[in-house]
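# Observations on chain architecture
Each chain, written out:
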Amino acid sequence: MAILALKKGISAEIYKYRSTFVFWFVLLAPAFIPAINLIAFLRRGDAIVARGGTAWENLMQFSSGPANFLFPFFVIIVALFVNTIESNSNTWKLIYAQPLSRLNVFCSKMLVYIAMLFCSLMLFGLMTYAVGWLVHLANPDLGFADPFNLWHLLGNCFTIFLATLGFGSIHFYLSQRTKNLILPLGIGVGGIVSFMILVQGWEYARYHPYGYHVLSSGPVGTENFSLWSHMEPVYLSLALAAVVFSIAAIDTQRKRII
Amino acid sequence: MESYSIETRELNFYFKDFKALSNVSLQVPTGSIFGFLGPNGAGKTTTIRILLDLFHAPGGSVKLFGKSYETARSAILKQVGALIENPSIYKHLTGRQNLEVIRRMVNVPVSRIDEVLRIVRLVDNADKKAKHYSLGMCQRLGLAAALLTDPELLILDEPTNGLDPSGIIEMRELIIRLNREHGKTIFLSSHILSEIEKLATDVAIIDQGEVLYQGKLDGLRQGSQLTELRVELNHVATAVQVLKTGNFTISEQNGQSLILPIQSRQEIAHVNKLLVDAGLEVYGLSTTAQNLESIFLNLTKKLDQ
């Protein structure tokens, strides 16, 4: 019964995003870095590979660096959007006055948000892989025909996804609590920058929630890579997400719907 | 015995230290158009939000169809359609798509969307984006969403707010039709007395969080033995001051005269004496039966504040 009700909530939640910015954002944002890498490798692939390492190793480095920096912003924007769509349309009271439990409405939105992050990361992985093969078609000598384990890349994306849920839950809750767009964005930028500073030498930087996704990511495409080898930040992230999402769910039961 | 779609007992509600509702007890008869009347800020929307379980009242009880939200939230809300203040509409979607979002939540057949669009006369504009809708169309779309589950009870918060005269007439006709032809019980809030007068069979008047009257609309007229006294005189502004000092409530004034509600014939003489003693020249005194507006004003004392 509860599952059926949740299915209704999720179905309505997905439907409302048609023809919206977030729909295209979830689809196209993961293409941003692969598109730049495609141009870079088509134009200067030889020079890049000549600096050392295999073609796939270079592509993975070119992908993970910018992605680690940009992905938190993506998470913050998606969290803002899935909640401000209700604030801007004045529809919180509409959805909470429907014959579904408050927990159901909350879980529907939370699960769709989590699914958006998951889909984007998987798309990012697949598009990065596609870049290698597209470059191979244009320049077969570059080395993209060498063996490469796609499942390692997708597995790494999945690990990053799990490691993102920690700070992702914070931004989901923040965006539910406030209509203010600047506050969650400011907290996000503060979190990202403070992690980048602290990770330079502070021994407890590994507990910083805005760094879990960076610390869980491994050198895909190299011999040293081993899937599930950096699990501490993933566990920390999942624990944080469980706590924050639970607090948000309890808060939803009590709060006044304006 | 009369059955009630809504029964509240002694609802109290606070916004921090401000008491927004004080012992609000309502009984909305099944099949009625129940007018919930009060000035802006009287507590109408707060009451409605409690009726829809959007706010939780710390004191008192709410029962819809004899059930309480603690035990039967989904079952209650299945039988309730609501339109609360400004329309809740996803502007990037068409009217039909807006209804589809709600339809997916409430699980009714797709054909129901066309039915409710026909009821609110929005079929021709159903596939237009809601951002191109007029306010009247938005209100009708909101009403269509409220009707999707074919609820027994409609709770409408100021449904004519911001509408032009033709929009108001259209909405009024729609509400009457929903009550008479579709058998819906309608709980309708408004701060416009004439609106309630034209629609409601039963009424409750709320001011400063307290219910001042509840019952049949006719009962409000009959219950009031008051008449109005029109006084023509030379200095209206001075007269207003004098009469306020004498504990009278002024319901209307202009350059030449003023109107005040009175309880007895003796008060006519008392008013005259007060004015003459204050050195004012009284040119005429005439009485008329008090209209509903004066009764409302007298109850809420708004003009005096």
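Procedures and definitions
Residues numbered from 1 in each chain as written. Chains lettered and ligands numbered in written order. Predicted model: local features only at pLDDT ≥ 70, side-chain atom pairs only at ≥ 80, totals over all residues. Heavy atoms only, no water. Helix = DSSP H or I, 4+ residues; strand = E, 2+ residues; numbered from the N terminus. Rg over C-alpha atoms; globule rule 2.2 N^0.38 Å. Buried < 20%, exposed > 50% of the residue type's maximum accessible area, 1.4 Å probe, protein only. Contact = heavy atoms within 4.5 Å. Areas by Shrake-Rupley, 256 points an atom, 1.4 Å probe, with all protein chains shown as cover. Lys, Arg positive; Asp, Glu negative; His and termini not counted. Charge placed at Lys NZ, Arg CZ, Asp CG, Glu CD. Core = buried A, V, L, I, M, F, W, Y, C linked by side-chain atoms within 4.5 Å. Pairing = 2+ DSSP bridges. Axes fitted to C-alpha atoms, helices over the stretch in contact; angles between N-to-C directions. Domains from an automatic or database assignment. Right-handed = clockwise from strand over helix to strand, strands pointing away. Expected span 1.5 Å × (residues − 1). Buried area = accessible area lost by both parts, 1.4 Å probe. Salt bridge = Lys/Arg side-chain N within 4 Å of Asp/Glu carboxyl O. Polar contact = N/O pair within 3.5 Å; in protein donor to acceptor, adjacent residues only side chain to side chain. Patch = residues over 30% accessible without salt bridge, like charges linked within 9 Å, V, L, I, M, F, W, Y side chains within 5 Å.

Now for the overall build of chain A. Along chain A, the regular secondary structure elements total nine helices and zero strands. Listing each helix as α and each strand as β along chain A from the N terminus yields α-α-α-α-α-α-α-α-α. Since a compact globule built from 258 residues should have a radius of gyration of about 18 Å, the 20 Å found for chain A is in line with a globular shape. Overall size of chain A, expressed as C-alpha extent along the three principal axes, is 60 × 45 × 35 Å. Out of the 258 residues in chain A, the part that is buried amounts to 52%. Look at the contacts in chain A between residues 6 or more apart in sequence, and 79% of them connect residues 24 or more apart. Put simply, chain A shows about 12000 Å² of open surface, and 69% of that area lies on carbon and sulfur atoms. Side-chain charges in chain A split into 16 positive and 10 negative, and the spacing between the mean points of these groups amounts to 23 Å.

Right, let's get into the nonpolar core. Counting 105 residues, the largest nonpolar core has Tyr 113 of chain A together with Leu 52, Leu 64, Ile 155 and Phe 187 of chain B as its most contacted members. At 15 residues, the largest contribution of residues to this core is made by helix α3 (residues 55–89) of chain A. Leave out the neighbours within four places in its chain, and Ile 155 of chain B touches Ile 6, Ile 48, Leu 51, Leu 52, Val 80, Gly 81, Ala 82, Leu 83 and Phe 187 of chain B.

In this section: the sheet that holds strand β3 (residues 33–37) of chain B. Residue and element names in this part refer to chain B. Taken in spatial order, the six strands make up an open sheet running β5-β6-β7-β3-β8-β9, and their pairing is mixed. A single partner strand is all that each edge strand has here, and the edge strands are β5 (80–83) and β9 (210–216). For this sheet the average axis-to-axis angle between neighbouring strands, irrespective of direction, equals 15°. Where β3 and strand β7 (residues 185–190) come together, five bridges link them in parallel fashion. For Phe 34, the partnering residue across the bridge sits in β7 and is Phe 187. Sheet contacts for helix α5 (residues 135–147): β5 and β6 (153–157); angle to β5, the most-contacted strand, approximately 165°.

This brings us to unusual backbone geometry. Residue and element names in this part refer to chain B. Residues other than glycine seldom take positive phi values, yet Glu 85 does so here, at roughly 45°. Mapping Glu 85 onto the fold places it in the loop between β5 and α3 (95–106). With a relative accessible area of 33%, Glu 85 lands in the partly exposed category. With a phi close to 60°, Asn 107 is a non-glycine residue in the positive phi region. Position of Asn 107 among the secondary structure elements: in the loop between α3 and α4 (111–119). Given a relative accessible area of 51%, Asn 107 falls into the exposed group.

Interface size is commonly expressed as the accessible surface area that is lost when the partners come together. Domain annotation for chain B reports domain 1 (4–216) and domain 2 (225–289). On a C-alpha basis, the centroid separation for the pair domain 1 of chain B and domain 2 of chain B is 41 Å.

Inspection of the secondary structure assignment puts Lys 255 of chain A in the segment after α9 (232–254). Other than its neighbours up to four places away in sequence, Lys 255 of chain A contacts Arg 102 and Gln 176 of chain A together with Leu 54 of chain B.

All names here are of chain B. One open sheet holds the three strands; their spatial order is β2-β1-β4, and the pairing between them is antiparallel. Across the chains shown, the open sheet's two edge strands, defined by having one partner strand only, are β2 (18–29) and β4 (59–64). On average, each strand axis in the sheet is inclined to that of its neighbour by 15°, with strand direction left out of account. In the sheet, strand β1 (residues 4–15) pairs with β4 via five bridges, with the strands oriented antiparallel. Note on β4: the bridge partner recorded for Asn 12 is Gly 59.

All names here are of chain B. Among the six residues of β7, six are classified as buried, and the element is accordingly described as predominantly covered. In β7, alternate side chains face the same way, and those of Thr 185, Phe 187 and Ser 189 on one face and Ile 186, Leu 188 and Ser 190 on the other are all buried. One crossover worth recording links β6 to the parallel β7 by way of helix α6 (residues 165–180), and it is right-handed.

Side chains three or four residues apart in an α-helix point the same way, a direct result of the helix having 3.6 residues per turn. Residues and elements named next belong to chain A. Over its 30 residues, helix α2 (residues 21–50) runs 40 Å from end to end, which matches the ideal 44 Å to within 8%, given 1.5 Å per residue. Every buried residue of α2 is accounted for by Val 22, Phe 25, Val 26, Pro 30, Ile 33, Pro 34, Asn 37, Phe 41, Gly 45, Ile 48 and Val 49. Packing partners of the buried residues in α2 comprise α3 and α5 (102–138). Once α2 ends, the next one or two residues include Gly 52, with phi positive near 125°.

Contact with chain B, which involves 29 residues of that partner, is made by 30 residues of chain A. Among the residues chain B hides against chain A, the three largest losses belong to Tyr 90, Arg 104 and Met 105 of chain B. Together they make up 25% of the total. Joining chain B to chain A, the criterion identifies zero salt bridges. On the surface where chain B and chain A come into contact, there are 15 residue pairs in polar contact (both at pLDDT 80 or more). Broken down by secondary-structure element, the contributors of at least two residues to the side of chain B that touches chain A are β1, α2 (69–78) and α3 of chain B.

If a strand is regular, its side chains alternate between the two faces of the sheet. All names here are of chain B. Residues Val 80 and Ala 82 line one face of β5 and the alternating positions Gly 81 and Leu 83 line the opposite face, and both faces are buried. In terms of strand pairing, β5 meets β6 through four bridges, oriented parallel. Along β6, the bridge assignment pairs Val 80 with Leu 153.

All names here are of chain A. Together, Phe 32, Ile 36, Phe 69, Leu 70 and Met 196 line one region of the surface with nonpolar side chains, adding up to about 450 Å² of accessible area. At the level of secondary structure, the elements contributing two or more residues to the nonpolar patch comprise α2 and α3. Positionally, Ile 36 belongs in helix α2. According to the relative accessible area criterion, Ile 36 is partly exposed, its value standing at 43%.

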